[in-house]
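Chain by chain, the residues:
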Amino acid sequence: MRLTDHDLRQIDEAYLEGLSPEALREVSKRLCQDLKEARERLNQTPENSSRPPSTRAPWAAAANETEAEEHEEKQAAAEGAEPKQDLGAEDESPKEPKVKGEAEAKPSDSQRKPGKQPGAPGHGRTQHLPVTGELVHRAEQCSACGQVLDEDAPFVACTGHYVLDIEWGDEAAPGIRVTHVKHLYGDTGCGCGHQTRRLPQRAEKDVQWSVEISEWHLVGPGLMALIVCLALRMRLSRARIRELLGTWLGITLATGTLNQCVHEAAHAVLPVEAQLIDEVNRAELLHGDETSWKEAGKGLWLWVFTSTAVTFYLIGYRTRQLLDNLLGEAFAGWLMSDGYQAYRAYRKRLRCWAHLVRKARGLEESLVKSSQRFGKQTLELLHALMQAVYEAREGPGEDLKAKHQRQLDAFRGCCERYRDAEHEKTRQLAREFLNDWEAIFAVLSHPQLPLTNNQAECALRHWVILRKLCFGTRTEQGSRALGLLASVIDTCHQRRVSPWTYLAEVIRRRRQGGDAPPLPAAA
Ligand SMILES: [Zn+2]
């Protein structure tokens, strides 16, 4: 335990003179330890300390913006590029030139940062709720002589604050109950004459997150989890959350407080990110997908990586670099994905057949005869092989690749013929098959593997609706918070454990300066 300024102010010659030999030895031990720690902290440099060097996300390392954009362009220009059509359309529009002359001179509304402006008057809490309880936070041990302080040791409160929280009911009395508890902190006296002060705790500042994790905050861990649930799971706007809390629970909170809650919760689960990434890398089968995302008008991507045990989201650029940073050398599983080229580096890769079937169906309906024929041939092959895969899953494992070699060879010849077809969609599909041949037909040698990327697409669906409602995120931290919380929520659901009790527990422990408990195992 580190000695506080309050402790040191009390330790003087007069105090030491009055101590018994045992107490004096104990105090010296503590002073010595504290001095050594202080000296070491003084000598700490980035080279010898374990403090994280920056706030960059692990997948963003070394991928600065211009690099990323250049990379993206290069990728798009490369031969056989498969345009992302489903959701990306609105993001491809070129940046509009600035027309407003005055915008340069003074900050316009659009340049203004969201939220409270610097210097603007703040709003105090106006709600007066009845107090449902009082909690005295006493020191349990003398910080100078180490004596255990029992219940009747004299206590003088020096500060306090209120915490608004909810309590979950149980089977006997279900529902939730609002609590409004007065927390008192102060000095507990010891026989040695020392007063040990206990103040509200906070997590050590490990990154430059704008909202700190602290017991000082008004909103308790349970209510905070509820707010995250309403914002991200129920997709309610901040205004709707205020309305719900006000009309149903009688709680009045400012919009700024709601935002802080989401950011503090995300900050609290930040240490869990490493566990999520580790589990993603250890997956035997991973589904990956991405959809466009706006961050303060900037066109980014919401990525998802999901296995049977874990789902991980992140918002970032759509680059090979990002994939490499996330999926390290350690990743040796199968990767199911769409046609995006960055995935091509992975040896054990699978392609979603539903996408290919859809494209082939489009060709079948084309007005060009040869394209119709190619579409029909593709569909016939895919349907026959799908049937074979279903049957192989039931029966003894046989290599369907060898069994259907003749059909595959014939189809490959067909693709070769169409690779320079005049009809664009025909040409694209023929090249897609040729470029991704191994990945597309890998499932024939491993029929127990999936045929579609349905799992990743399902995972993204919820967040696509959220994006449409809230128009994306506004800051880098907001994007990071969303990815983190979405990952925790969906992973907990996969494991059939409540994300909300877990989240509340993480917040509670982190506020006391402890570690975040690891993600729970499947129930
Ligand atoms: Zn003492």
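Residues numbered from 1 in each chain as written. Predicted model: local features only at pLDDT ≥ 70, side-chain atom pairs only at ≥ 80, totals over all residues. Heavy atoms only, no water.

Attention now goes to the coordination of the zinc ion. Think of it this way: four donors in a tetrahedron around the metal ideally sit 109.5 degrees apart, and six in an octahedron ideally sit 90 or 180 degrees apart. Taken together, the protein donors to the zinc ion comprise Cys142 (SG), Cys145 (SG), Cys190 (SG) and Cys192 (SG), at separations of 2.3 to 2.4 Å. Taken together, the 4 donor atoms surrounding the zinc ion define angles of 105 to 114 degrees at the centre, an arrangement classified as tetrahedral. On the accessibility criterion, Cys145 (11% relative accessible area) is buried. (Donors = N, O, S within 2.8 Å, 3.2 Å for Na, K, Ca; no water. Tetrahedral: all angles 85-135°; square planar, octahedral: opposite > 155°, others 65-115°. Buried < 20%, exposed > 50% of the residue type's maximum accessible area, 1.4 Å probe, protein only.)

With that settled, consider the nonpolar core. Membership of the largest hydrophobic core comes to 83 residues, with the highest contact counts inside it found for Leu223 and Leu245. With 10 residues, helix H6 (residues 221–233) is the single largest residue contributor to this core. (Core = buried A, V, L, I, M, F, W, Y, C linked by side-chain atoms within 4.5 Å. Helix = DSSP H or I, 4+ residues; strand = E, 2+ residues; numbered from the N terminus.)

Proximity of charged atoms lets side chains of opposite charge pair with each other. Counted according to the given criterion, the structure contains 24 salt bridges. Close ionic contact of Glu26 with Arg30 constitutes a salt bridge, the shortest N to O distance being 3.0 Å. Of this pair, Glu26 and Arg30 both sit in helix H3 (residues 21–42), 4 residues apart, roughly one helical turn. Just as Glu26 is buried, Arg30 falls in that class too. Salt-bridge contacts for Glu279 lead to Arg495; the nearest nitrogen and oxygen are separated by 2.4 Å. Placement of the pair is Glu279 in helix H9 (residues 272–282) and Arg495 in the loop between helix H18 (476–494) and helix H19 (499–511), with a sequence separation of 216 residues. Of the two residues, Glu279 and Arg495, neither departs from the other in class, the shared state being buried. (Salt bridge = Lys/Arg side-chain N within 4 Å of Asp/Glu carboxyl O.)

The next subject is the packing of helix H8 (residues 255–269) against H18. Angle between the axes and distance between the axes are the two parameters that describe a pair of packed helices. At a minimum axis separation of 9 Å, H8 and H18 run at an interaxial angle of 65 degrees. Two packed elements cross with a definite hand, and for H8 against H18 that hand is left-handed. Residues Val262, His263, Ala265, Ala266 and Val269 of H8 touch H18, and the partners they reach there are Gln477, Gly478, Ala481, Leu484, Leu485 and Val488. When the residues that make up the contact of H8 with H18 are grouped by side-chain class, the tally is 8 nonpolar, 3 polar and no charged. (Axes fitted to C-alpha atoms, helices over the stretch in contact; angles between N-to-C directions. Left-handed = near helix turned anticlockwise from the far one by under 90°. Contact = heavy atoms within 4.5 Å. Nonpolar A, V, L, I, M, F, W, Y, C, P; charged D, E, K, R; others polar.)

Along the chain, Ser370 falls in helix H12 (residues 369–394). A relative accessible area of 27% places Ser370 in the partly exposed class. The spacing of Ser370 and His423 is 53 residues in sequence and 8.9 Å in space, taken between C-alpha atoms.

With that out of the way, let us pick up H19. Along an α-helix, residues three or four apart share an orientation, since each turn contains 3.6 residues. Compared with the 18 Å implied by 1.5 Å per residue over 13 residues, the 18 Å span of H19 between its first and last C-alpha is a close match. Along H19, the residues classified as buried are Pro499, Trp500, Tyr502, Leu503, Ala504, Val506, Ile507, Arg510 and Arg511. For H19, the capping residue at the N-terminal end is Ser498, with a side-chain oxygen 3.1 Å from the backbone nitrogen of Trp500. (Expected span 1.5 Å × (residues − 1). Polar contact = N/O pair within 3.5 Å; in protein donor to acceptor, adjacent residues only side chain to side chain.)

Moving on, we come to unusual backbone geometry. Positive phi outside glycine occurs at Phe471, with the angle close to 60 degrees. Here Phe471 lies in the loop between helix H17 (454–470) and H18. A residue is classified by how much of its surface remains accessible, and Phe471, at 68% relative accessible area, is exposed.

In short, geometric facts, not functional conclusions.
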